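Letter by letter, the chains look like this.
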Amino acid sequence: MLDITPMPATDVAAADLAHHLHPFADMKELVDGGVRVMTRGEGCYVYDSDGKRYLDAFAGLWCVNVGYGRREIADAVFAQMNALPYYNTYFATTTTATARLAEKICSYAGPAINRVFFTNSGSEANDTWLRMARVYWATLGKSEKSVVIARQNAYHGSTVAGASLGGMKHMHEQGNLPIPGIVHIGQPYWYGEGGDLAPAEFGLARARELEDKILELGPERVAAFVAEPIQGVGGVIVPPETYWPEIQRICRKYDILLAVDEVITGFGRLGSWFGYQHYGLEPDFCAIAKGLSSGYLPIAGVMVSDRVADVLVNQAGPFHHGFTYSGHPVAAAAALANLRILEEERLVERVRDDIGPYFAQAWRGLSDHVMVGEAVSVGLLGAVQLVLDKATRRRFSRPGDIGMVIRNFCIMRGVIVRASADRILVSPPFTISRSEVDDIVSTLRDVMDFVS
Ligand code: PLP
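Residues numbered from 1 in each chain as written. Predicted model: local features only at pLDDT ≥ 70, side-chain atom pairs only at ≥ 80, totals over all residues.

A. Spotlight on the overall build of the protein. Across its full length, the protein holds 18 helices and 15 strands. The C-alpha radius of gyration computed for the protein amounts to 22 Å, which stays within 12% of the reference 22 Å derived for 452 residues, consistent with globular compactness. Along the first, second and third principal axes, the C-alpha set of the protein runs to 65 × 60 × 45 Å. Per-residue burial over the protein gives 48% buried out of 452 residues. Across the protein, every contact between residues at least 6 apart in sequence was considered, and the portion connecting residues at least 24 apart equals 71%. (Helix = DSSP H or I, 4+ residues; strand = E, 2+ residues; numbered from the N terminus. Rg over C-alpha atoms; globule rule 2.2 N^0.38 Å. Buried ≥ 20, exposed ≤ 12 C-beta atoms within 10 Å, placed from the backbone. Contact = placed C-beta atoms within 7 Å.)

Here it is in structure tokens:
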């Protein structure tokens, strides 16, 4: 029998704090403050070991898009475990689940993308396309075209390449990052950095930083530009409408590959299968993860455009890259079952036409609050900017502190949200009901009333 069930919560916490090094944690603080032991989930709710119920407005970590407790996924996993728990995809072998999943993903991608490379995490997906981009240009006789331009305050994961592509200063400070060959330009964060410019002007100005950087480096040295369609971890930064068309124009003009990191935005969060469809982009690489399996098992990958895939498949020879669990059949079975739910329950359409617009209206209602500078959303991805003074856009002097205070009070009141500095972020399951949306919004409003 498994020995994970009968253990008092206090013992679980003690074992955890004595032996488990948590990701992105100050372990000393955690040991002093304690951990919450989560025990089960159902629909949009999770429960801790005291039986306290939380409305999970963050879908785990931007991933449990079909909600908790989906028996169909568990059954698919069980069946695949029994049939074939593992096989590699290295040596001219595949599995039915792996192949069917690759085909299924491409069926949502549009006509120009027909290949997927599987990884286990979003970070690995970003490492993967970075190497592919360099192999692509080297195969075409342009080995010097190897620099990648990324953005400040972006998040592309925690591997050495992922963290280097990301633009998080505190991550770069640990471990001598970024690695060579990766440079950063500004983010399209109008509220925080737009100054006197109108959003449309600012969007163009930030996009043109890409052009400036390409010209500074020389287009013959630049392999790719990478960005999240909407920066997630950095604060759900919704770019001004002028931003993406200009980025696409610049990439085409200088023959720079466009990589979109859709680890959060992929599989329906913005009300389209992918964020690049929402913004009308034609990417060469698309990193996918979280929503692919709704987090039920780890699986991720890179979707590759025909333009790049044709060179990789027909000219490049072997690609010396892969993971033991690339295309893991059990994870692939979980992803297939998850995608079936999205299709059968028309959840992407629901985000686009029904619950997304409802959420947008309710969420924007928060913008009349004295602490709220802006309340923005696309689909079921939302952020509230906390401010000291709406008129002047003056921010709190310790943005991280105010964000954590609001977040912690929301969680105490049973609604899980996330803070990124002075922005409060939500990304609820696609199955969320209207009354649950109302609960999220009213809890956040009550907490801001209390704190202001
Ligand atoms: N890219 C983006 C946009 C993300 O939001 C994340 C994780 O939040 C990652 C990459 C990293 O994914 P993983 O944690 O699966 O490595």
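B. Broad picture of the packing of helix H6 (residues 122–139) against helix H13 (residues 306–314). Where H6 meets H13, the axes come as close as 10 Å, and the angle between the chain directions of the two elements is 70°. Judged on the interaxial angle alone, H13 and H6 are roughly perpendicular. Of the two elements, H6 crosses H13, and the hand of that crossing is left-handed. The residues of H13 that touch H6, namely those facing Met132, Val135, Tyr136 and Thr139, are Val308, Val311 and Leu312. When its residues are assigned to classes, the contact of H6 with H13 shows six nonpolar, one polar and no charged. (Axes fitted to C-alpha atoms, helices over the stretch in contact; angles between N-to-C directions. Parallel < 35°, antiparallel > 145°, perpendicular 65-115°, else oblique. Left-handed = near helix turned anticlockwise from the far one by under 90°. Nonpolar A, V, L, I, M, F, W, Y, C, P; charged D, E, K, R; others polar.)

C. Looking closely at the pairing of strand E4 (residues 113–119). With five of its seven residues buried, E4 lies for the most part within the structure. As defined by bridge partners, E4 adjoins strand E10 (residues 300–305) across six bridges and the pair is classed as antiparallel. Across the sheet, the residue bridging to Arg115 is Val304, located in E10. (Pairing = 2+ DSSP bridges.)

D. Focus on the site of the ligand. What surrounds the ligand is a group of 14 residues, the closest being Ser121, Gly122, Ser123, Gly157 and Val263. Along the lines of polarity and charge, the residues of the shell around the ligand split into six nonpolar, six polar and two charged. (Near = placed C-beta within 6 Å.)

E. Representation of the nonpolar core in the model. Within the largest apolar cluster, 133 residues are counted, with the highest numbers of intra-cluster contacts made by Cys286, Val302 and Val417. Per element, the largest residue contribution to this core is ten residues, and it comes from helix H14 (residues 329–344). Residue contributions to this core reach at least three from each of two domains, namely domain 1 (36–66 + 348–451) and domain 2 (74–344). Beyond its immediate stretch of four places on either side in the chain, Val417 contacts Ala57, Phe58, Arg407, Cys410, Ile424, Leu425, Val426 and Leu444. (Core = buried A, V, L, I, M, F, W, Y, C linked by C-beta atoms within 7 Å. Domains from an automatic or database assignment.)

F. Representation of the domain arrangement of the protein in the model. Per the domain assignment, the segments making up the protein are domain 1 (36–66 + 348–451) and domain 2 (74–344). Distance between the C-alpha centres of domain 1 and domain 2: 26 Å. Tallying the contact residues gives 27 residues for domain 1 and 23 residues for domain 2. Put simply, the parts of the chain that give the side of domain 1 that touches domain 2 at least two residues each are helix H3 (59–62), helix H15 (347–353), strand E11 (372–378), strand E12 (381–386) and strand E15 (423–426). Looking at the side of domain 1 that touches domain 2, its residues break down into 14 nonpolar, nine polar and four charged.

G. Layout of H6. The first and last C-alpha atoms of H6 sit 26 Å apart over 18 residues, in line with the 26 Å expected at 1.5 Å per residue. Burial analysis of H6 places 14 of its 18 residues in the buried class, which makes it a mostly covered element. Once H6 ends, the next one or two residues include Gly141, with phi positive near 80°. (Expected span 1.5 Å × (residues − 1).)

H. Spotlight on the confidence of the model for the protein. Averaged over the protein, the pLDDT score is 97; the fraction of residues at 70 or greater is 99%. Element-level mean pLDDT values for the protein span from 94 in helix H1 (residues 9–19) up to 99 in strand E9 (residues 285–288). Scored by ipTM, the complex comes to 1.00, with pTM at 0.97. (pLDDT = per-residue confidence, 0-100.)

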